[in-house]
Amino acid sequence: MTRMVTSLSALILSIVLLVSGNAFLMTLLGIRLSIEEVDPATIGWVLVCYSVGFVVGTLYVNKIIGRVGHIRAFAVFAAMAAVASLLYPLAISVIFWAFLRALSGFSIAGVLVVIESWFSSRATNSNRGAMFAIYQIVFYLSAAGGQLIVNLGDPASFMPFTLAAVLLTLALIPLSLTRMEAPPITPVDRMSFFTLFRESSTGVAGALVCGVLIGSFYALGPVYATLIGLDLGDTSIFMACAIVAAMLFAWPLGLICDRYDRRWVLLWVATVAALAAFATSLLGPDRFWLLLLVVGVFTGLSATLYPVAVAITNDRMEHHRIVAASATLLLSYGIGSVIGPVVMAELVSQLGPRGLFLGNGVFLLLLAGTTWHRIRTTYDIPVAAQENFVAAMPQSSAVLTEMDPRNEEFQETGEVLTVEDPLPKAG
């Protein structure tokens, strides 16, 4: 393990700098827009442009990488993200900031495709699971650490935006100096969205709702914290704890998912997360530590919806279709991350800060109801026939799905396993 981490040190350092800088900037923008007294509904439209740019980027950046190579493409994308962060304080215009958010989303998508391509190229059947875990741990801890940087400067000044640009620029150095051979450019297989929905509607719905919840929380969480009266330090702790919770909940849920019917797991996760969302809407800054606990339960469970949805889908896929199905689930998550900030921002505008969690709770109840209907009307996949659970992370590109440890068995044997499509239950 130590040798593996050492060999990937340049990649890991670039990830730490990039992800922490990007996470810091996302929280900073929400706080700054609140300081400028921009209407929450407008804030949602501005910040959702990041998700739009990211989704577009995951679909098209491979063409740029194929044309100029990984290192040059990485330099271009990271430079674009750094320049965008420097431009924000030059003009406080929602239209200008919306454009910059879209540019940032596109750039970060390109950077992640490059980094994850390198990670994927270093994965073998013997280390695939370890590398997958290392990447996720580094990503989540870097994102959480980025929240704490918010305390280093006045968000109403130019300095924090400069710091974000410095972190994004520094991410260029380790990877640009790496002596690792650039990985080949391979097209990402995708499955038709409607084909996947027909074969696993529960999985698609779970990924979509997860995108709504996580996308809206990352975009509007800082706005919520500001509106309820949390100071800058408490806001950074609030966001950091939520991100750490998302990482901590993944592995215990994995153990449960490997022992029980996963649709029942999805049902209960959605239900408990909905209760946590409604409870959060009743809390305020006067019970800060209780607020952190309940929000941690909400975000931790919400983040597990995506890997559970992936597991449910993969249980119904032949092994050679898993990568294509997972890539399409990421697209479903991306669509949800576009819907979430817009809808929740409007609710915050109409209902106040509690609208963020009331809206999320309703989406979770809709997912629970949909899952309950599917449980009642379709056959279950026997627990013994389920694929191994993997804590898949949605905040990535489709390239990372190739490193999914569930691909190991197929790559070793080439065997194609099939599972009958679920049929309506008699009666």
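Residues numbered from 1 in each chain as written. Predicted model: local features only at pLDDT ≥ 70, side-chain atom pairs only at ≥ 80, totals over all residues. Heavy atoms only, no water.

1. Considerations on the overall build of the chain
Note the threshold: Numbered from the N terminus, helices here are DSSP runs of H or I no shorter than four residues, and strands are runs of E no shorter than two. Should any heavy atoms of two residues lie within 4.5 Å, those residues are counted as being in contact. To be clear on the numbers: accessible area is Shrake-Rupley with a 1.4 Å probe, and residue cover counts the displayed protein chains and nothing else.
Regarding its fold elements, the chain presents 17 helices and zero strands. A fraction of 85% describes how many contacts in the chain between residues 6 or more apart in sequence connect residues 24 or more apart. Carbon and sulfur atoms form 66% of the exposed surface of the chain, whose accessible area is close to 16800 Å².

2. Details of unusual backbone geometry
Of note, Glu37 is a non-glycine position whose phi angle comes to about 60°, a positive value. Relative to the helices and strands, Glu37 resides in the loop between α2 (9–35) and α3 (40–68).

3. A short note on a nonpolar patch on the surface
So the rule is basically this: A patch is a set of surface residues, each over 30% in relative accessible area and not in a salt bridge, joined within 9 Å for like charges and within 5 Å for the nonpolar side chains Val, Leu, Ile, Met, Phe, Trp and Tyr. Each salt bridge in this description consists of a side-chain nitrogen of Lys or Arg and a carboxyl oxygen of Asp or Glu lying within 4 Å of one another. Under the scheme applied here, a residue whose accessible area is under 20% of the maximum for its type counts as buried, over 50% as exposed, and between as partly exposed, the area being computed with a 1.4 Å probe on protein chains only.
Nonpolar side chains collect at one region of the surface, where Val52, Val56, Leu59 and Tyr60 lie side by side and expose about 320 Å² of accessible area between them. Examined against the element boundaries, Val52 turns out to sit in helix α3. By relative accessible area, which is 37% here, Val52 ends up partly exposed.

4. A few points about the packing of aromatic side chains
Selection rule: In this scheme Phe, Tyr and Trp rings, the latter by its six-membered ring, pair at centre separations within 6.5 Å, and the angle between planes marks the pair as stacked below 30 degrees, edge-to-face above 60, and tilted otherwise.
For the structure shown, the criterion picks out 14 aromatic pairs. Where Phe298 meets Phe357, the ring centres are 5.4 Å apart and the plane angle is 75°; that geometry is what we call edge-to-face. In this pair, Phe298 sits in helix α14 (residues 288–314) while Phe357 sits in helix α16 (residues 355–377), placing the two residues 59 residues apart along the sequence. The two residues Phe298 and Phe357 agree in class, both being buried. Ring plane angle 70° and centroid distance 5.9 Å describe the contact between Tyr306 and Tyr333, whose orientation is recorded as edge-to-face. With Tyr306 in helix α14 and Tyr333 in helix α15 (residues 322–351), this residue pair connects regions lying 27 residues apart in the sequence. One aromatic cluster in this structure is built from Phe217, Tyr224, Phe238, Phe298 and Phe357.

5. With respect to the nonpolar core
As a rule of thumb, nonpolar side chains are buried together in soluble globular proteins. The following threshold applies: Nonpolar cores are built from buried Ala, Val, Leu, Ile, Met, Phe, Trp, Tyr and Cys residues. Side-chain atoms within 4.5 Å join them into one set.
Ranked by size, the top nonpolar core spans 128 residues in total, and within it Ile115, Phe119, Phe217, Phe238 and Leu305 carry the most contacts. The contacts of Ile115, once residues within four sequence positions are left out, are Leu11, Ile15, Leu18, Phe74, Tyr135 and Leu175.

6. Side note on the pattern of salt bridges
When the charged atoms of two side chains lie near each other, side chains of opposite charge can form a pair. One pass over the structure, following the stated rule, counts one salt bridge. In this structure, Arg32 and Glu36 form a salt bridge, with 3.0 Å as the shortest nitrogen-oxygen distance. The class of Arg32 is buried, set by a relative accessible area of 6%.

7. Overview of the packing of helix α12 (residues 250–257) against helix α13 (residues 262–280)
Our working rule: Fitting a line to C-alpha atoms yields each axis, with helices limited to the stretch in contact; the angle taken between N-to-C directions then spans 0 to 180 degrees. In this scheme, roughly parallel covers angles under 35 degrees and roughly antiparallel covers those over 145, while 65 to 115 is roughly perpendicular and the rest are oblique. Three residue categories are used. Nonpolar comprises Ala, Val, Leu, Ile, Met, Phe, Trp, Tyr, Cys and Pro, charged comprises Asp, Glu, Lys and Arg, and polar comprises the others, including Gly.
It is the contact of α12 with α13, at a shortest axis distance of 9 Å, that shows an interaxial angle of 140°. Overall, the two elements α12 and α13 adopt an arrangement that is oblique. Contacts from Leu253, Ile256 and Cys257 in α12 reach Arg262, Val265 and Val269 in α13. For the contact of α12 with α13, the residue count by class is five nonpolar, no polar and one charged.

8. Concerning α16
As a reminder, the rule being used: Here the expected length of a helix is defined as 1.5 Å per residue gap, with one fewer gap than residues.
If you check α16, its first and last C-alpha atoms are 33 Å apart, about what 23 residues at 1.5 Å a residue would give, namely 33 Å. Those residues of α16 that are buried are in contact with α10 (201–227), α13, α14 and α15.

9. Topic: the side chain of Asn22
Heads up, the rule is: Whenever two N or O atoms come within 3.5 Å, that pair is a polar contact, provided that in protein one can donate a hydrogen and the other can accept it, and provided that, for residues adjacent in sequence, both atoms are side-chain atoms.
Structurally, Asn22 is set in helix α2. Here the side chain of Asn22 touches Tyr50 through a polar contact of 3.1 Å, side chain to side chain. When near neighbours in sequence (up to four residues on either side) are disregarded, Asn22 contacts Tyr50, Ile108 and Leu168.

10. A few points about the confidence of the model for the chain
We apply this condition: A residue's pLDDT is the confidence the predictor assigns to it, expressed on a 0 to 100 scale.
Of all residues in the chain, 83% attain a pLDDT of 70 or more, and the chain-wide mean is 83. Averaged pLDDT values over the elements of the chain bottom out at 48 in helix α17 (residues 408–413) and peak at 94 in α13. Of the regions scoring below 50 in pLDDT, residues 409–427 engages in 36 contacts with residues more than four places distant in sequence or in other chains.

11. What to know about the side chain of Ser51
Within the secondary structure, Ser51 sits in helix α3. Each residue touching Ser51, except ones within four places of it in the same chain, is listed here: Ser337 and Val338.

12. Concerning the environment of Pro307
Its location among the elements puts Pro307 in helix α14. Given the relative accessible area of 2%, Pro307 is considered buried. Each C-alpha atom of the pair Pro307 and Ser326 lies 9.9 Å from the other, and the pair is 19 residues apart in sequence.

13. Section: the environment of Cys210
Assignment of secondary structure puts Cys210 in helix α10. In sequence terms Cys210 and Gly334 are 124 residues apart; their C-alpha atoms lie 9.4 Å from each other. Excluding its chain neighbours within four sequence positions, the residues that come into contact with Cys210 are Gly215, Ser302, Ala303, Leu305, Tyr306 and Tyr333.

14. Let's talk about the environment of Ser93
For Ser93, the location among the structural elements is in the loop between α4 (70–87) and α5 (94–122). Through-space distance from the C-alpha of Ser93 to that of Val46 is 9.9 Å; in sequence the pair is 47 residues apart.

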